[in-house]
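Coordinates in review
Here's the letter readout for the chains.
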Amino acid sequence: MYNIKLSEIMTPNPITVRPMDTMDGVKKIFDTKNIHHIIVVDENNTVLGIIGKENLALLSHHMTIFNRQKEAKFNDYHLKTIYAKEAMTKHVATLHDTDTIGVAVGIFRENLFHALPILNNEQKLVGILTTYDLLNFAFKEPTL
Amino acid sequence: MNPYQAISTIMTKKPVCVLEDDSCQKVQAIFSEKSIHHIPVLNLNDEIVGIISREDMAKLIQSKGAELDSLEVQTIMTAHPGTLSPEDTIGFAADIFLVNKYHALPIIDDDNRLVGIVTSHDLLKYAFNKIPITETDND
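Residues numbered from 1 in each chain as written. Chains lettered and ligands numbered in written order. Predicted model: local features only at pLDDT ≥ 70, side-chain atom pairs only at ≥ 80, totals over all residues. Heavy atoms only, no water.

A word on the sheet that holds strand 5 (residues 95-96) of chain A. Residues and elements named next belong to chain A. Sheet architecture is open: four strands sit in the order 1-7-6-5, paired in mixed fashion. Two strands lie at the open edges of the sheet, namely strand 1 (11-12) and strand 5, each paired on one side alone. Alignment of strand 1 against strand 7 (residues 125-130), held across two bridges, turns out to be antiparallel. From the neighbouring strand, Pro12 faces strand 7, where its bridge partner is Gly127. Packed onto the sheet, helix 6 (residues 131-138) meets strand 1 and strand 7 and runs at close to 70° relative to strand 7. (Pairing = 2+ DSSP bridges. Helix = DSSP H or I, 4+ residues; strand = E, 2+ residues; numbered from the N terminus. Contact = heavy atoms within 4.5 Å. Axes fitted to C-alpha atoms, helices over the stretch in contact; angles between N-to-C directions.)

All names here are of chain A. Inspection of every chain in the model, using the stated rule, returns one aromatic pair over all chains. Both rings, one in Phe108 and one in Phe113, keep their centres 6.4 Å apart while their planes meet at 85°; by these two values the pair is edge-to-face. Assigned by exposure class, Phe108 and Phe113 land together as buried. (Phe/Tyr/Trp six-rings, centres within 6.5 Å; stacked < 30°, edge-to-face > 60°. Buried < 20%, exposed > 50% of the residue type's maximum accessible area, 1.4 Å probe, protein only.)

Right, let's get into the layout of surface pockets. Quantified by volume, the largest pocket comes out at close to 1,400 Å³. Lining the largest pocket are 49 residues, with His36(A), Lys53(A), Glu54(A), Glu55(B) and His103(B) positioned closest to its centre. Counting residues per element, the ones that place at least two in the lining of the largest pocket are helix 1 (23-32), strand 4 (47-52), helix 2 (53-57), helix 3 (69-79) and strand 6 (115-119) of chain A together with strand 4 (48-53), helix 2 (54-58) and strand 6 (104-108) of chain B. Looking at the lining of the largest pocket, the element that brings in the most residues is helix 2 of chain A, giving five residues. Broken down by class, the residue content of the lining of the largest pocket amounts to 21 nonpolar, 17 polar and 11 charged. One number sums up the size of the second largest pocket: a volume of about 500 Å³. Every residue lining the second largest pocket is counted, 17 residues in all, and those nearest its centre are Ser35(B), Ile36(B), Thr119(B), His121(B) and Asp122(B). Secondary structure elements with two or more residues in the lining of the second largest pocket: strand 7 (114-119) and helix 6 (120-127) of chain B. In terms of residue count, the dominant contributor to the lining of the second largest pocket is helix 6 of chain B (four residues). (1 Å grid on protein atoms, 1.4 Å probe; cavity = no way out; pocket = protein on both sides within 12 Å on 5 of 7 lines; lining within 4 Å. Points joined across faces, edges and corners; volume = space filled by probe spheres on them. Nonpolar A, V, L, I, M, F, W, Y, C, P; charged D, E, K, R; others polar.)

Here we come to the nonpolar core. If you look at the biggest cluster of nonpolar residues, it comprises 38 residues, and the most contacted ones within it are Leu95(A), Leu129(A), Leu134(A) and Phe128(B). Among the elements that take part in this core, helix 5 (residues 90-100) of chain B stands out by supplying six residues, more than any other. The contacts of Leu95(A), once residues within four sequence positions are left out, are Leu6(A), Val103(A), Ala104(A), Ile107(A), Phe108(A), Leu116(A), Pro117(A), Ile118(A), Leu119(A) and Leu129(A). Cys24(B), Ile30(B), Ile39(B) and Ile52(B) belong to the second largest nonpolar core, which has 16 residues in total. (Core = buried A, V, L, I, M, F, W, Y, C linked by side-chain atoms within 4.5 Å.)

In this fold, Leu71(B) is placed in the loop between helix 3 (65-70) and helix 4 (73-76). Separated by 47 residues in sequence, Leu71(B) and Cys24(B) place their C-alpha atoms 5.8 Å apart.

Function cannot be read off these values alone, since they describe shape.
Structure representation (structure tokens):
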């Protein structure tokens, strides 16, 4: 099973944002979709970076945890002034859709990654692979 | 791979934990020192009352040292986290992780006392144990 290609288990066509999108839009995506990572791509679908929920949390007012209206307003305004390209993690490791599960697991385990963009042979984004995709593959038969 | 094997066989025993009235500065020091992403939070009876993650701490990144020192863990932890029992199976744990998109779950005994923690990477390691880890030049 380790020789199966990532194109068979990755999540294709993941949600992406552009570098000049603002972080309030990114927050809306995180608030409405059950995902932890959003990939930043240019107009040619070339990967520029990745934004995790932790990247977003780093931008929030430090009193946000108290759920006060004042900090919520501050965050609303503040996030509109920050571009995705400023908040993203750059120089992201990537895998190819022709790489095998064996290669992917080795890299995930070594680096404790939770998500990686998947490229085609033209180096364009075609999917995202997460630990959940790998676990879903390994534990196909539900035991609940 | 045996999905009916007990989760206790792959969990991390005696994980690093903090008390609910410990300061967030202590949590920050632990995250700085150790390569972990989640810390279970206990009360004085050693019962699990919450869990705190790096993401939770990231929300405090702009806080100064004195503020972190005066802020108790219970203020920002996720209270009443999902938990598993040591006897639960690995397959059951995988289902729980996949349905809820958890990254880590505390393992507790019948008295609600912490006995271990299991992460999505523990499950990955178990499911693909024959694959050697691979270093990458990228970050």
